Amino acid sequence: MISAQSVLEGDRLALSRLLTAIERGSAEGQEALNALFKHTGQAQLIGVTGAPGTGKSSLVNQLALHYRHPASGEPLRVAIVAVDPSSPFTGGAVMGDRIRMRDLAGDEGVFIRSMASRGSLGGLAPTTASMVQAMDAAGYDIIFIETVGAGQAEVEIAKLADTTLVVEAPGLGDDVQAIKAGILEIADILVLNKADRPGVDSAERALKGMLQLGHPVEHVFMHHGKKAQVATHDTVGDLWLPLIQRTVSTEGQGIAELAEAIARHRAYLRESGEWERRDRARLETELIALLGAQLMARWQAATPDEVYNEVLTQLLDRQISPSQAVNALTRQGEYSA
Ligand SMILES: Nc1nc2c(ncn2[C@@H]2O[C@H](COP(=O)(O)OP(=O)(O)O)[C@@H](O)[C@H]2O)c(=O)[nH]1
Ligand SMILES: [Mg+2]
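Reading guide: rules and limits
- Residues numbered from 1 in each chain as written.
- Chains lettered and ligands numbered in written order.
- Predicted model: local features only at pLDDT ≥ 70, side-chain atom pairs only at ≥ 80, totals over all residues.
- Heavy atoms only, no water.
- Salt bridge = Lys/Arg side-chain N within 4 Å of Asp/Glu carboxyl O.
- Helix = DSSP H or I, 4+ residues; strand = E, 2+ residues; numbered from the N terminus.
- Buried < 20%, exposed > 50% of the residue type's maximum accessible area, 1.4 Å probe, protein only.
- Donors = N, O, S within 2.8 Å, 3.2 Å for Na, K, Ca; no water.
- Phe/Tyr/Trp six-rings, centres within 6.5 Å; stacked < 30°, edge-to-face > 60°.
- Lys NZ or Arg CZ within 6 Å of the ring centre and 35° of its normal.

**Looking at the pattern of salt bridges**
Inference 1: Overall, the coordinates contain eleven salt bridges when judged by the stated rule.
Inference 2: Residue aspartate 279 is joined to arginine 282 by a salt bridge in which the shortest nitrogen-to-oxygen separation is 3.0 Å. Of the two residues, aspartate 279 and arginine 282 both sit in helix α11 (residues 274-302), three residues apart, roughly one turn of that helix.
Inference 3: Classification of aspartate 279 by relative accessible area gives partly exposed; the value is 29%.
Inference 4: A salt bridge links glutamate 284 to arginine 280, with the nearest nitrogen and oxygen atoms 3.5 Å apart. Here glutamate 284 pairs with arginine 280, and both are found in helix α11, just four residues apart, close to one helical turn.

If you want it as structure tokens, here you go:
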């Protein structure tokens with residue numbers, strides 16, 4: 001039995017159990033989440049993505065330490081979800097992460113969870129969204145979501161975040177890894193980590209070039225049906241222009257500046273209304289995904305295999321079109337005309 005109340009009170013074991021239940025897609029996990037949902041919406045979700053080996057885990061480690069030991073003010077509570085493509089039990093990367101995370105081990109204000117991207121029921125992004133909600137309800141102020149920036153699934157997860165850091169490092173073969181994966185466009189802050197390594201200047205030049213392409217100085221949009229054109233320099237007030245921050249995660253260099261940039265982005269989100277917009281987009285995406293899955297399941301349960309196979313045969317014989325097949329299977333229209 002998972003106690004939602006215990007999760008709310010900060011019971012780590014209860015949260016662990018809930019996260020496991022969510023990963024398994026169990027009904028009791030869902031029930032606890034239903035009870036907890038009204039307590040979500042408080043945390044700042046920070047996505048950290050980029051190619052393997054760029055230093056994402058080291059960076060999260062340093063940022064978490066920064067939030068736990070602030071120069072002034074109260075320490076923030078930090079949760080970390082590491083979504084790794086390899087198995088959490090045998091994957092070398094996760095073992096490495098555990099070792100580097102040791103600075104945070106034993107700190108009650110830090111909660112770290114690794115999850116496997118394979119074998120999660122209902123898809124990686126919805127499972128991650130639920131896990132983040134559980135951590136949010138448990139009262140963590142900052143939630144890091146670390147993903148390997150490698151494809152569509154990772155981009156979907158990155159869209160869960162309020163603030164997305166895309167991590168690059170010089171000398172990984174290509175100048176800019178994120179271009180290939182198409183994740184540069186989701187960056188709110190570009191972190192050029194391993195700034196102690198050779199090639200950092202050319203990597204920064206390449207990143208700046210890409211930012212220019214992605215965020216041209218002229219911004220064209222439709223305003224009351226008319227094409228309007230403004231220079232983004234005039235509208236920095238309502239537009240966030242991604243910035244580049246150099247860091248050396250192994251030394252902690254640039255971390256305070258990065259945390260400052262994250263705080264500025266948070267302020268921007270709040271002041272511009274973007275915070276609500278992102279929250280809405282996130283919840284609407286989840287709603288539509290759940291609705292789609294539910295309707296599909298109902299349709300499957302209500303449709304005998306013979307009926308489906310018969311319609312499929314007619315489709316393959318070119319007697320009916322795909323659209324007519326859908327009508328037939330949902331009994332919405334005549335297709336024999
Ligand atoms: N020289 C240097 N090495 C770093 C830096 N940040 C991380 N590393 C090293 O790079 C390797 C990969 O780091 P990791 O955080 O696991 O990368 P991830 O795969 O992106 O999570 C590790 O050996 C780190 O010690 C840095 O700023 N400079
Ligand atoms: Mg890592």
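**Re the coordination of the magnesium ion (ligand 2)**
Inference 1: Distances from the magnesium ion (ligand 2) to its protein donors, Ser57 (OG) and Glu146 (OE), fall at 2.1 to 2.3 Å. Taken together, the positions of serine 57 in helix α4 (residues 56-68) and glutamate 146 in strand β4 (residues 142-148) put the pair 89 residues apart, joining distant regions of the chain.
Inference 2: By relative accessible area, serine 57 is classed as buried at 5%.

**Focus on the packing of aromatic side chains**
Inference 1: Under the criterion given, the structure shown has four aromatic pairs.
Inference 2: Centroid distance phenylalanine 111 to tyrosine 140: 6.1 Å. Interplanar angle 50°. Geometry classified as tilted. Residue phenylalanine 111 is found in strand β3 (residues 110-116), and its partner tyrosine 140 is found in the loop between α6 (124-137) and β4; the two are separated by 29 residues along the sequence.
Inference 3: Tyrosine 140 gets classed as buried once you look at its relative accessible area, which sits at 2%.
Inference 4: Arranged with centres 5.5 Å apart and planes meeting at 40°, the rings of tryptophan 240 and tyrosine 268 form a pair that is tilted. Remark: tyrosine 268 occurs in helix α10 (residues 255-272) and tryptophan 240 occurs in the loop between β8 (226-231) and β9 (243-246); sequence separation between them is 28 residues. Both residues of the pair, tryptophan 240 and tyrosine 268, count as buried.
Inference 5: If you follow arginine 77 out to its NZ or CZ, it ends over the ring of tyrosine 140, 4.3 Å from the centre.
Inference 6: One residue, arginine 270, lies across the ring of tryptophan 275, its end atom 3.8 Å from the ring centre.

Any functional reading would require information that these geometric values do not contain.
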